[in-house]
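Structural characterization, general
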Amino acid sequence: MPSSPSSIDLRTWVRDIPDFPKPGILFRDLTPLMRDPEGWGEAIRLLGLLCERVQPDLIVGIESRGFIVGTALATIVGVGFVPVRKPGKLPGEVIGVDYSLEYGTDRLEIHSDALGDGSRVLIVDDLLATGGTAAACTELVLKAGGELCGFGFLAELAALEGRNRLPQEQPIESLIIYS
Ligand SMILES: O=P(O)(O)OC[C@H]1O[C@H](OP(=O)(O)OP(=O)(O)O)[C@H](O)[C@@H]1O
Ligand SMILES: Nc1ncnc2[nH]cnc12
């Protein structure tokens, strides 16, 4: 469910690209949304309403497209941003988790001291597909001592049932849901 009713249809700015990055994958390209000030402004405003409800101390964004969403959101909400990165990119001591993706496998890492004790964390990314990435990020946040307060995505591929892999106690909000 979107965070609030909106008169703007964000799907207008999503471009479908078949067979990318592998045959059989229908890629939901969100770059046209990001390049449009009206659409992008509305997307970040709607995620800002989610933040008003769940009151995060920190936004955690997942490399790399989650950085675009997460830094924009953290800036308008006025909270800090913490990157969750692919392996070997963070310079300090890290905690890592392996995960599987709709079209591959990978590993995510977070700085072990990034969250502090009990910081309320909203996890954001551009898109929820199988949920492997967001579930791995959840594990990292909890291992690093954060308290999860919700998830925000620009888009969700509902048929892949990714939200079922996430904790159900906190809001999981996607602005665009593809059935
Ligand atoms: O729900 P899942 O099946 O885990 O898939 C969703 C993830 O896949 C994409 O990232 P990708 O790994 O392609 O990296 P990128 O953001 O660097 O393009 C997307 O940005 C999400 O992070
Ligand atoms: N089908 C898809 N479109 C865009 N990003 C994705 N990330 C994982 N699956 C994706």
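To be clear, the structure that these remarks concern was listed above.
What this report covers is the structure whose coordinates are included nearby. (Residues numbered from 1 in each chain as written. Chains lettered and ligands numbered in written order. Predicted model: local features only at pLDDT ≥ 70, side-chain atom pairs only at ≥ 80, totals over all residues. Heavy atoms only, no water.)

The secondary structure content of the chain amounts to four helices and nine strands. For the chain, the sequential pattern of α-helices and β-strands runs β-β-α-α-β-α-β-β-β-β-α-β-β. Relative to a compact globule of 179 residues, whose C-alpha radius of gyration would be 16 Å, the chain shows 15 Å and is just as compact. The 179 residues of the chain split such that 49% are buried. (Helix = DSSP H or I, 4+ residues; strand = E, 2+ residues; numbered from the N terminus. Rg over C-alpha atoms; globule rule 2.2 N^0.38 Å. Buried < 20%, exposed > 50% of the residue type's maximum accessible area, 1.4 Å probe, protein only.)

So, about the sheet that holds strand S4 (residues 80–84). Read from one edge of the open sheet, five strands run S4-S3-S7-S8-S9, paired in parallel fashion. Looking at which strands have only one partner, the edges of the open sheet turn out to be S4 and strand S9 (172–178). Averaged over all pairs of adjacent strands, the angle between their axes in this sheet comes to 20 degrees, without regard to strand direction. Of the pairings in the sheet, the one linking strand S7 (residues 120–128) to strand S8 (residues 147–157) comprises eight bridges and is parallel in character. Residue pairing for S8: Ile123 is matched across the bridge by Phe151. (Pairing = 2+ DSSP bridges. Axes fitted to C-alpha atoms, helices over the stretch in contact; angles between N-to-C directions.)

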